[in-house]
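Next come the chains, spelled out residue by residue.
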Amino acid sequence: MFIRKTKTRNKSDNETYFTYRLVASERTGKQVRQITLLNLGRQFDLPQSDWQALCARIDALLAGQVGMLAEPEIIEVMAQRYAARLIATRPGAARSDAGHQPPPTPSPAVQASLFPASSASSAIYAEVDIASLQLTRPRSVGVEAVGVAAMDWLGIDQILRDLDFNGVQRAAVVGSLIGRMAAPGSELATWRWLRERSALGELLDVDFEAMPLIRLYRTSDLLVRHRDKIETALFGRIQDLFGLPVTVTLYDLTNTYFEGTASGNAKAARGRSKEKRTDCPLVTLGLVLDGSGFVRRSKMFAGNVGEATTLEEMLDGLTAPKGALVIMDAGIATAANVAWLIKHGYRYLVVSRERSRQFDPDQAISTLTASNETVKLQRVLSEDGTEVRLYCHSEGRKTKETAITDRFITRFEAGLTTLAAGLAKPHGQKKLSDIQRRIGRLIEKSSGIGQHYEITVTPDETGTNAASITWVKVPLEGSMLTHPGVYCLRSNETTWDAATLWHTYTMLTDLEAVFRGLKSELGLRPVFHHKADRTEGHLFITVLAYQLVQAIRRKLEAAGEPLSWTRLREILSVQQRITATFQQRDGRTLHVRKATVAEPALRRIYDGLALNASPGGIQKLTV
């Protein structure tokens, strides 16, 4: 075994460069021929003086020998990596380096469910020394196998081919997306996961350990550059796969925070953080989804963007069918945005921004939520018949809002009591103007509770000091105090009944669940990048990973396995690929690499997705 250095010329630009190969000599009859075992790529930077030591260590590892003398760390790491590749490489597959146009295209039928056919051969027996057993190179394979299958269902590889992504770039995309699904984090964390913990490279026949970190960053830049085309093609594929009607469109925004100042990012700005991270700059992500929870369009905005200003930019050119229903919350449902929707032929179902509440229980009907809670609905048609208002009353919301107002009332009245008690103390504040100023501050900080009180400050005979403070609570009609648990929806879909309108609106809560999943399950937060393009790439990779997760969950729900991605990932992450090494009686060394046996919960997932429970099949090498 030796390393060959070959001078090569690029035919497109006439550039010359060197490539490296691991080669072995093989005698056939009277002839000796040389066989390429592995392509080591162009970035093989081990000094030539260490090549012999590297080859000797690879031979020793394949022979199951423990080194008597410790090799330098760089040689040991490279030897274990190349020996593992020789063992794991499928028979007949191209042994390619990550710098040499790898083929991340599993189909047909996800290469017979990730090529387990190699394990279907007739039984093979070998006489081995049980005490010589070594278990090496454990790598996770469960999430990887399911992720590769999902990418195949959605045709992502073909979408990237159509956009002229080369093999290296496509491999980096697969690694980035499945890394985000399996081990959410930054691109650096994904790179480490691919190199140190994942068997994804074995499923794709790609050496991710040879892929530099900058490749993931540059690939994220490329994804952002083709964002619109990728989202359009991907959603079209999702429609074909699941037969989804495009009649409902959900739109909302969320934000995430940066670690660091992000001073070089023009879109990093202070704003209202939904995670209460007021100490960090933010960036905002807008999503347009269909009624089934798949993303149709995504876009990054500045962290301090006004929600109401983003609607037209997100929906313009979306090619939704005429009369599609747009659902959004009160922050976006301004009069101008509603008028724009009407002008462009959309129907709308939005949370009303009107401050006054009303509800007549005698005119209401009842319906049940998914959690079996009763909600009462009062449907009111406008006088001109063009819009319907749906006044909703929820007992759960009533309990929550009553607790909130009670807390504010207690705090406000305690403040008034303190002021009144101070009038009787020798050194208490008594000056009339000061008392009125402090009452004004109490009202300002009362979260709106002060408007429900009539407060009287009685001056003393001199008119300079306050003699007494009295108050009486007079709740304003149509407020949270008089109508707790009431909210209003408005829509120009006047033909639907109250229950249909309300249940359709609750799809917006599914969008909130999407945002929670993006942040907690798929590593949307925090953002470590300081450049706007890299930040956008991080967000877009998370959105694409969500599309894969949603496809997996939808198929499993149809198979009777409705699980969250967090739970699915816990089950899938148990399965590993491991190499078992034995010494045979005849002196040779036997290496067998295969996946651990799927436990019952994992097998149900594989069955629900019609995948083989032993991804990667069995690779056997005798040395």
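Residues numbered from 1 in each chain as written. Predicted model: local features only at pLDDT ≥ 70, side-chain atom pairs only at ≥ 80, totals over all residues. Heavy atoms only, no water.

### Here we look at the overall build of the chain
Then, in step 1: On a plain count of helices and strands, the chain comes out with 19 helices and 18 strands.
Then, in step 2: Computed over its C-alpha atoms, the radius of gyration of the chain comes to 33 Å, more than 25% above the 25 Å expected for a compact globule of 623 residues.
Then, in step 3: Taken along its principal axes, the extent of the C-alpha atoms in the chain is 125 × 65 × 55 Å.
Then, in step 4: Looking at the chain as a whole, 49% of its 623 residues qualify as buried. (Helix = DSSP H or I, 4+ residues; strand = E, 2+ residues; numbered from the N terminus. Rg over C-alpha atoms; globule rule 2.2 N^0.38 Å. Buried < 20%, exposed > 50% of the residue type's maximum accessible area, 1.4 Å probe, protein only.)

### Comments concerning the pattern of salt bridges
Then, in step 1: Applying the stated criterion across every chain, the model contains 28 salt bridges.
Then, in step 2: Residues Glu401 and Arg397 are paired through a salt bridge, measuring 3.2 Å at the closest nitrogen-oxygen approach. Placement of both Glu401 and Arg397 in helix α13 (residues 395–422) is noted, with a separation of 4 residues, approximately one turn of the helix.
Then, in step 3: Residue Glu401 is classed as buried on the basis of its relative accessible area, which comes to 6%.
Then, in step 4: The class for Arg397 is partly exposed, based on a relative accessible area of 35%. (Salt bridge = Lys/Arg side-chain N within 4 Å of Asp/Glu carboxyl O.)

### Comments concerning the confidence of the model for the chain
Then, in step 1: For the chain, per-residue confidence averages 87 on the pLDDT scale, and 93% of positions sit at 70 or higher.
Then, in step 2: When the criterion is pLDDT under 50, residues 92–96 qualifies, and its contacts beyond four places in sequence or with other chains add up to 15 contacts. (pLDDT = per-residue confidence, 0-100. Contact = heavy atoms within 4.5 Å.)

### Structural notes on the sheet that holds strand β15 (residues 486–491)
Then, in step 1: Strands sit in the order β7-β6-β5-β8-β9-β15-β12-β11-β10 across an open sheet of 9 strands; the sheet is mixed. With one partner strand each, in any of the chains shown, β7 (295–302) and β10 (365–368) form the two edges of the open sheet. Neighbour-to-neighbour, the strand axes of this sheet turn through a mean angle of 25 degrees, independent of strand direction.
Then, in step 2: Note that strand β8 (residues 325–328) and strand β9 (residues 347–351) share 4 bridges and pair parallel. Bridged to Ile327 within β9 is Leu349.
Then, in step 3: Those strands touched by helix α15 (residues 498–505) are β8, β9, β10, β11 (374–381), β12 (388–394) and β15, and its axis lies near 35 degrees from that of β10. (Pairing = 2+ DSSP bridges. Axes fitted to C-alpha atoms, helices over the stretch in contact; angles between N-to-C directions.)

### Observations regarding the sheet that holds strand β2 (residues 16–28)
Then, in step 1: Reading across the sheet, the 3 strands line up as β1-β2-β3 and stay open at both edges, with antiparallel pairing between neighbours. Looking at strand neighbours, the two that pair on one side only are β1 (2–9) and β3 (31–41), the edges of this open sheet. Taking each pair of neighbouring strands and ignoring which way they run, the sheet shows an average axis angle of 40 degrees.
Then, in step 2: Sheet topology note: the β2/β3 ladder contains 9 bridges and is antiparallel. In the strand pairing of β3, Val23 is matched with Thr36.
Then, in step 3: Helix α1 (residues 51–62) contacts β1 and β2 of the sheet and is inclined by roughly 120 degrees relative to β1.
Then, in step 4: Sitting on the sheet, helix α2 (residues 73–88) is in contact with β2 and β3, with an inclination near 115 degrees to β3.

### A few points about the nonpolar core
Then, in step 1: Of all hydrophobic cores here, the largest spans 102 residues; its most connected members are Met181, Leu223, Leu287, Leu489, Leu518, Ile552 and Trp565.
Then, in step 2: Sequence-distant contacts of Leu287, that is, excluding residues within four places in its chain, are made with Leu250, Tyr251, Asp252, Val295, Arg297, Ser298, Met314, Val514, Phe515, Leu518 and Val543.
Then, in step 3: Counting residues in hydrophobic clusters, the runner-up holds 22 residues, among them Leu40, Leu61, Tyr82 and Ala83. (Core = buried A, V, L, I, M, F, W, Y, C linked by side-chain atoms within 4.5 Å.)

### Some remarks on the packing of helix α10 (residues 227–242) against helix α17 (residues 532–558)
Then, in step 1: Between α10 and α17, the shortest axis-to-axis distance is 12 Å and the interhelical angle comes to 5 degrees. When the axis of α10 is compared with that of α17, the two are roughly parallel. Where α10 abuts α17, its residues Arg227, Ile230, Glu231, Leu234, Ile238 and Phe242 lie against Glu536, Phe540, Leu544, Gln547, Ala551, Arg554 and Lys555.
Then, in step 2: Of the residues contributing to the contact of α10 with α17, the split by class is 7 nonpolar, 1 polar and 5 charged. (Parallel < 35°, antiparallel > 145°, perpendicular 65-115°, else oblique. Nonpolar A, V, L, I, M, F, W, Y, C, P; charged D, E, K, R; others polar.)

### Concerning empty space enclosed by the protein
Then, in step 1: Tallied over the entire structure, the rule returns 2 cavities of 30 Å³ or more.
Then, in step 2: Space inside the second largest cavity adds up to approximately 60 Å³.
Then, in step 3: Ile156, Ile159, Leu160, Val173, Leu177, Leu223, Ile230, Leu234 and Leu544 together form the lining of the second largest cavity.
Then, in step 4: Listed by contribution, the elements that provide at least two residues to the lining of the second largest cavity are α5 (156–162), α6 (167–182) and α10.
Then, in step 5: Among the residues forming the lining of the second largest cavity, the class breakdown is 9 nonpolar, no polar and no charged. (1 Å grid on protein atoms, 1.4 Å probe; cavity = no way out; pocket = protein on both sides within 12 Å on 5 of 7 lines; lining within 4 Å. Points joined across faces, edges and corners; volume = space filled by probe spheres on them.)

### What about the layout of surface pockets?
Then, in step 1: For the largest pocket, the calculated volume is near 1500 Å³.
Then, in step 2: What lines the largest pocket is a set of 44 residues, and nearest its centre among them are Arg357, Arg397, Glu401, Val486 and Tyr487.
Then, in step 3: Sorting the residues of the lining of the largest pocket by element identifies β12, α13, β15, α15 and α16 (507–521) as the ones contributing at least two each.
Then, in step 4: When residues in the lining of the largest pocket are grouped by element, the largest group, 6 residues, is from α13.
Then, in step 5: Residues belonging to the lining of the largest pocket are distributed by class as follows: 17 nonpolar, 16 polar and 11 charged.

### Description of helix α4 (residues 142–153)
Then, in step 1: Here α4 is 12 residues long and its end C-alpha atoms lie 17 Å apart, about the 16 Å a rise of 1.5 Å per residue gives.
Then, in step 2: Among the 12 residues in α4, 11 count as buried, and that is most of the element.
Then, in step 3: Directly after α4, the chain includes Gly155, whose backbone phi takes a positive value near 65 degrees. (Expected span 1.5 Å × (residues − 1).)

### Some thoughts on the packing of aromatic side chains
Then, in step 1: Scanning the model with the defined rule gives 6 aromatic pairs in all.
Then, in step 2: Summarising the aromatic geometry, the rings of Tyr20 and Trp51 are spaced 5.9 Å apart at their centres and angled 80 degrees between planes, so their arrangement reads as edge-to-face. One end of the pair, Tyr20, is in strand β2; the other, Trp51, is in helix α1, and 31 residues separate them in sequence.
Then, in step 3: Take Tyr20: its relative accessible area is 11%, and that puts it in the buried class.
Then, in step 4: Residue class for Trp51 comes out buried when judged on its relative accessible area of 11%. (Phe/Tyr/Trp six-rings, centres within 6.5 Å; stacked < 30°, edge-to-face > 60°.)

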